[in-house]
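Survey of secondary and tertiary structure
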Amino acid sequence: MTYPKLYVALLHWEFIYVITALNATYPITSWKFKLSCIPPKTTYSSLLPDGISNHSSNRNGHYEALVEAKLNSSNTYVSNLSPKPTFHCCFENEEDNICSVHADNTEGKTFISTVNSLVFQQIGANWNIQCWMKEDLKLFICYMESRFKNPFKNYGLEGHIFAALLQVLEESLPTSQEGNFQPVQCNCSAHECCECQVPVPAARLNDTLLMYLKIVSGGVIFQSPLMSVQPINVVKPDPPFDLLMKITDTGNLMISWSSSTLVPFQLKYQVKYSEKSTTSQRQATKTVSATSLIVKGVLPGSSYEVQVRSCRMDGPGFWSDWSSPFTFTTKDIIYFPPKILTSVGSNVSFHCIYKSENKIVPSKKIIWWMNLAEQIPPSQYNSLGDHVSKVTFLNLNATKPRGKFTYDAVYCCDEYECHHRYAELYVIDVNINISCETDGYLTKMTCRWSTNALQSLVGSSLQLRYHRSSLYCSDAPSIHPVSEPQDCHLQRDGVYECVFQPIFLLSGYTMWIHINHSLGSLDSPPTCVIPETLVKPLPPSSVKAEITVKIGLLKISWEKPVFPENKLQFQIRYGLNGKDIQWKIFEVYDAKSKSASLAVPELCAVHAVQMRCKRLDGRGYWSDWSTPVYTVVMDIRGLQSVFPTRGPDFWRITPEDTNNKERNVTLLWKPLMKSDSLCSVRQYVIKHHTFHNRTWSEDVGNHTKSTFLWTEPAHTITVLAVNSIGASLANSNLTFSRSMSKVNTVQSLSAYPLNSSCVVLSWMLSPSDYNLMYFIVEWKMLSEDSELKWLRIPPSVKKYYIHDQFIPIEKYQFNLYPVFVEGVGNPKIIYSFTQDDIETHQNDAGLYVIVAIIISSSVLLLGTLLIARQRMKKLFWEDVPNPKNCSWAQGLNFQKVKVRSREGE
């Protein structure tokens with residue numbers, strides 16, 4: 001069998017001229033129509049059996065039976081037919097079975113080419129045709145299907161279709177010139193059906209297309225009358241998709257779907273659905289303009305099946321195919337709404353319909369539980385009809401997360417059991433604090449807010465929204481229906497930060513946090529701010545701090561910032577510089593002040609100073625603290641003693657060879673304390689006085705060591721401390737005399753180690769005529785080249801405690817020098833601790849330990865005896881009755897003993 005092939009020809013409008021009448025064309029509509037070609041001088045009525053009307057719905061079946069009978073009959077009609085007869089072809093639609101356009105007007109013809117067309121010459125041919133525009137608005141499609149199916153199964157059938165696409169101008173009408181058509185081939189199948197696709201430019205959807213068809217089938221060529229159509233009027237949308245069904249918050253079933261947006265017009269939709277439940281069944285078809293439909297009266301355990309199709313809302317067009325069926329089954333228990341998201345302090349309600357054992361539980365027998373741990377009071381229940389129960393929660397508190405559960409589970413139960421399904425209640429604290437501040441340049445406002453209260457609401461998105469009024473804020477801020485979003489960025493500390501720039505200083509910005517979640521949306525309470533009242537000024541500039549030389553006060557000076565122009569107050573914080581500064585605060589309320597003087601106890605120390613400012617009326621914020629500035633230690637002239645009170649204590653180190661007349665002597669001294677130096681010591685000066693009355697001074701700067709050559713029999717040294725005011729007056733003298741270095745006045749020296757950090761020195765002196773000023777003790781470890789240490793001891797002391805780190809197993813050298821006015825005497829030297837005394841001290845220490853143990857044991861024994869006495873008293877007297885509780889003892893005074901005297905005494 002050969003498959004039919006069809007072609008479409010496009011008719012170029014530039015080659016077409018005016019035709020006699022456009023009404024001669026057949027208008028293509030959104031209905032199926034038929035191409036009928038019958039022999040000349042023949043009508044459908046003559047072909048039909050008697051009693052079958054031309055308008056009868058049974059005509060098609062009788063006609064096909066007639067064709068089959070003709071095909072199965074003999075060829076007795078051949079001699080009676082013309083070899084090339086002309087058939088009349090016309091169109092008829094489903095609403096009008098009479099040909100509406102005849103070949104007499106449109107030149108529709110049928111040409112017989114072979115003898116195999118005997119049946120066609122007798123009864124003609126019929127085709128079902130439908131044409132539409134695809135939803136993508138790019139292809140115009142005509143679908144043809146032969147009405148003769150079984151009758152042609154034994155004959156070869158080849159078909160062609162030719163169509164012309166023509167743009168029709170209003171001032172001219174086209175003519176049909178066959179030579180100007182351009183063919184387009186159609187795709188045909190073995191089932192006598194063909195699909196023709198004609199491209200249509202997007203700019204010409206509103207133009208008129210003219211077409212005619214040529215069909216080659218069974219050796220016969222059929223040509224249709226001329227057809228006309230506007231593609232925009234025969235658009236066939238694609239079926240709706242993404243069908244969805246769900247229970248709404250009001251307990252109804254909502255059917256929703258999606259539709260294509262390619263068509264340039266609105267669509268209407270036809271929804272057909274069926275419901276099956278244990279108690280009833282129903283079917284319905286409804287037409288809507290929205291992409292959703294609400295079905296009321298939903299019951300638990302019901303099954304729904306839905307299909308949807310679409311069509312142009314206003315104007316002609318095709319209905320789309322039906323969408324694929326979508327099914328949905330409701331649960332045995334229906335909560336509506338199934339989930340609620342609300343804020344603290346609000347009131348909400350849940351509804352439920354409960355089906356148990358294929359029976360709906362009456363609403364009056366339903367009870368409610370919270371988290372299966374707490375029954376909700378019946379006073380919060382309501383019955384809405386026979387099957388719907390309602391529970392209401394008033395003035396809700398925030399939900400406390402329980403592990404991974406961030407909601408409260410609300411259960412709808414009957415008298416005996418609870419279904420495992422539950423509703424979810426999310427209560428969120430939306431009292432979010434939004435704080436804003438305006439920068440010191442008055443160019444931007446920065447707002448910050450935290451989400452700590454919303455951390456349990458997973459999957460939510462937060463957005464700051466605001467409305468700006470022209471001037472100031474209202475007394476009661478409210479959420480304005482017209483608002484704008486503001487971009488905010490999450491900082492490392494978990495705080496969102498939003499920047500408004502530029503700003504209007506006197507405008508009122510009403511802002512709130514909009515919380516969007518799949519369960520719904522919430523808004524935080526609105527707050528209104530005015531940038532002009534939220535200024536955080538820049539810190540004071542040019543801050544300086546000093547200790548005044550003449551008075552001895554801490555003086556701070558500064559410059560106020562340029563903005564804002566309001567009067568400002570200032571805060572000064574100051575303290576001694578160090579690792580942990582103990583700050584003190586001083587307030588300055590005079591907006592015109594640019595300096596302040598403060599009394600501080602420590603003049604000879606470095607002070608750190610910082611400043612900040614704020615509007616004097618209290619609005620806005622304190623500025624940041626300024627960069628710290630530090631005072632410089634100065635010598636104060638206003639004090640009674642303007643120079644150091646005394647010079648430093650010093651000592652010398654001499655070489656071991658005492659016979660050499662020339663020796664290098666190294667002087668050592670310790671820096672003066674603040675109490676002695678009066679703030680600072682700029683330099684030290686060494687004064688030399690020799691045996692031959694030679695005198696000179698040596699400036700050694702801030703060093704604490706100096707060496708000179710000793711050549712005279714006697715050499716006196718004085719060390720002075722000098723500051724910016726002058727030199728010290730009370731100074732120590734040290735005389736180096738060769739004759740005095742041989743004087744022995746220290747008879748004995750002993751060293752007793754008490755522990756690893758203390759050694760006791762004791763000594764005895766012999767009588768002497770020299771004037772003793774003080775002692776110098778030296779010590780060092782002998783096992784290594786350790787540093788020599790020394791101390792100055794008053795002359796009246798005979799025992800001294802040296803605090804240092806000592807190792808008992810090591811050997812130490814102790815030197816005790818008597819220092820006289822005439823010079824330094826011969827030292828007493830020992831090289832170890834005194835052994836006998838060590839044992840004595842160790843025994844004394846052991847005795848002390850024993851005494852401490854005895855005292856502790858005595859205290860413990862005494863406490864034990866007291867406790868035992870109380871327990872024994874309670875044990876022996878527990879069963880003895882109290883005589884005051886006896887009836888015979890009422891009114892007796894047991895404190896007073898009554899004694900009876902004998903007779904005769």
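- The name an unreviewed UniProt entry assigns to the chain is Leptin receptor isoform X5, from the organism Erinaceus europaeus.
- Turning to the chain, the UniProt annotation filed under Sequence similarities (unreviewed entry) states: "Belongs to the type I cytokine receptor family. Type 2 subfamily."
- The record held by UniProt for the chain lists under Subcellular location (unreviewed entry) the comment "Membrane".

1. Some thoughts on unusual backbone geometry
- The peptide bond linking F336 to P337 adopts the cis configuration, its omega dihedral lying at -5°.
- Mapped onto the elements, P337 comes out in the loop between β22 (333-336) and β23 (339-343).
- Residue P564 is reached from F563 by a cis peptide bond, and omega for that bond is -5°.
- With respect to the helices and strands, the residue P564 is situated in the loop between β42 (554-559) and β43 (568-576).
- Here the phi dihedral of N371 falls at roughly 55°; this positive angle occurs in a residue that is not glycine.

2. Some words on the state of the cysteines
- Scanning the entire structure with this criterion turns up six disulfides.
- Residue pairing for C413: its cysteine sulfur links by disulfide to C418, the two sulfurs lying 1.8 Å apart. Handedness here is read from the sign of the S-S torsion; for C413 and C418, about 100°, the answer is right-handed.
- Given the relative accessible area of 31%, C418 is considered partly exposed.
- Each sulfur of the disulfide joining C488 and C498 lies 1.9 Å from the other. With the S-S bond torsion at 100°, the cross-link from C488 to C498 turns out right-handed. Highlighted residues: C488 in strand β36 (residues 488-490) and C498 in strand β37 (residues 495-500), separated in sequence by 10 residues. The burial state of C488 is the same as that of C498; both residues are buried.

3. A few points about the environment of C142
- Here C142 lies in strand β7 (residues 139-146).
- A relative accessible area of 6% places C142 in the buried class.
- Through-space distance from the C-alpha of C142 to that of C196 is 5.1 Å; in sequence the pair is 54 residues apart.
- Not counting chain neighbours up to four residues away, the residues in contact with C142 comprise Q130, C131, C194, E195, C196 and M211.

4. Description of the pairing of strand β38 (residues 508-517)
- Within β38, eight of the 10 residues are buried, which leaves it mostly tucked inside the rest of the structure.
- Direction of pairing for strand β34 (residues 461-469) relative to β38: antiparallel, over a ladder of nine bridges. Bridge pairing in β38 places L464 opposite I513.
- Bridge count for β38 against strand β40 (residues 527-529) is three bridges, and the pairing is antiparallel. Counterpart to M511 in the pairing with β40 is T527.
- Strand direction decides the pairing type here: β38 and strand β39 (residues 520-523), joined by four bridges, are antiparallel. Considered in β39, the bridge of I515 is made with L522.
- Adjacent in sequence and paired antiparallel, β38 and β39 are bridged by two residues.

So, how was this worked out
- Residues numbered from 1 in each chain as written.
- Predicted model: local features only at pLDDT ≥ 70, side-chain atom pairs only at ≥ 80, totals over all residues.
- Heavy atoms only, no water.
- UniProt positions renumbered as here; feature names shortened; annotations may be inferred.
- Helix = DSSP H or I, 4+ residues; strand = E, 2+ residues; numbered from the N terminus.
- Disulfide = S-S within 2.5 Å.
- Buried < 20%, exposed > 50% of the residue type's maximum accessible area, 1.4 Å probe, protein only.
- Contact = heavy atoms within 4.5 Å.
- Pairing = 2+ DSSP bridges.

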